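Listed here are the chains, written in short residue letters.
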Amino acid sequence: MRPITNLTNLGQLASGYSRKMADLAYQAATDPTIVEDPNQVAQFQIAMYNAQSGFQLASRSIQDLHKEDQILNEMLRDA
């Protein structure tokens, strides 16, 4: 697995997880049998949790990179 190296890649990653959450929500809304079967509910919850976690990690990484960029700009301005 190669590391994520720039904001564009992180943005694409976050966008992919967002689409995955939307797809899962649409699937659950259009298929009423999901809530009737405990196995399908568990699979849905696991998939949604994984997508949410991935989105949160990607968005936090973007925020961290932005903060680091601000600090670097301040240091360069003061130098």
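The residue numbering used here restarts from 1 in each chain and proceeds along that chain's sequence as written. Only residues with pLDDT of at least 70 are given local features in this predicted model, and only at 80 or more are side-chain atom pairs given and counted; all residues enter the totals for whole chains, interfaces and linings. Excluded from the side-chain calculation are hydrogens and water; included are all heavy atoms of the structure.

*Asks:* Now, about the overall build of the protein: what can you tell me, with residues and values included?
*Replies:* Starting at the N terminus, helices and strands are each numbered in turn, a helix being any DSSP run of H or I of at least four residues and a strand any DSSP run of E of at least two. A tally of helices and strands in the protein yields 2 helices and 0 strands. Restricting the calculation to C-alpha atoms gives the radius of gyration, and the globule rule supplies 2.2 Å times the number of residues raised to the power 0.38. In summary, the protein has a C-alpha radius of gyration of 18 Å against a globular reference of 12 Å for 79 residues, an excess of more than 25%. Accessibility here uses a 1.4 Å probe with only protein chains present; expressed as a share of the type maximum, an area under 20% marks a residue as buried, one over 50% as exposed, and anything in between as partly exposed. Sorting the 79 residues of the protein into buried and exposed places 13% on the buried side. The contact rule is simple, with two residues in contact once any of their heavy atoms fall within 4.5 Å. Considering only contacts in the protein between residues 6 or more positions apart, those separated by 24 or more positions represent 62%. When the accessible surface of the protein is summed, it comes to about 6300 Å², and 56% of that surface belongs to carbon and sulfur atoms. Charge counting follows a simple rule: Lys and Arg are positive, Asp and Glu are negative, and His as well as the terminal groups are ignored. To locate a charge, take atom NZ for lysine, CZ for arginine, CG for aspartate or CD for glutamate. Separation of charge centres in the protein, based on 6 positive and 9 negative side chains, amounts to 5 Å. The protein chains shown are the only cover counted for residues, whose accessible areas, like all others here, come from Shrake-Rupley with a 1.4 Å probe.

*Asks:* Talk me through helix α2 (residues 38–78); I want residue IDs and the actual numbers.
*Replies:* One less than the residue count of a helix, multiplied by 1.5 Å, gives the span that helix is expected to have. Taking 1.5 Å per residue, 41 residues should reach 60 Å; α2 reaches 59 Å between its end C-alpha atoms and fits that length. Buried within α2 we find M48, A51, S53, G54 and A58. Buried residues belonging to α2 abut α1 (7–30).

*Asks:* So what's going on with the packing of α1 against α2? Residues and values would help.
*Replies:* Axis definition: a line fitted to C-alpha atoms, over the contacting stretch in the case of helices. Angles run 0 to 180 degrees between N-to-C directions. Where α1 meets α2, the closest approach of the two axes is 9 Å, and the angle between their N-to-C directions is 155°. Here α2 runs roughly antiparallel to α1, going by the angle between their axes. Note that α1 runs across α2; the crossing there is left-handed. Residues L7, L10, G11, L13, A14, Y17, S18, K20, M21, L24, A25 and A28 of α1 form the contact with α2, whose participating residues are F44, A47, M48, N50, A51, Q52, G54, F55, A58, S61, I62 and L65. Residue composition of the contact of α1 with α2, by class: 17 nonpolar, 6 polar and 1 charged. When describing relative orientation, an angle under 35 degrees is termed roughly parallel and one over 145 degrees roughly antiparallel, while 65 to 115 degrees is termed roughly perpendicular and anything else oblique. Working rule for handedness: look at the near helix, and if it is turned counterclockwise from the far one by less than a right angle, call the crossing left-handed; if clockwise, right-handed. Residue polarity is assigned by list, with Asp, Glu, Lys and Arg as charged and Ala, Val, Leu, Ile, Met, Phe, Trp, Tyr, Cys and Pro as nonpolar; anything else, Gly included, falls into the polar class.

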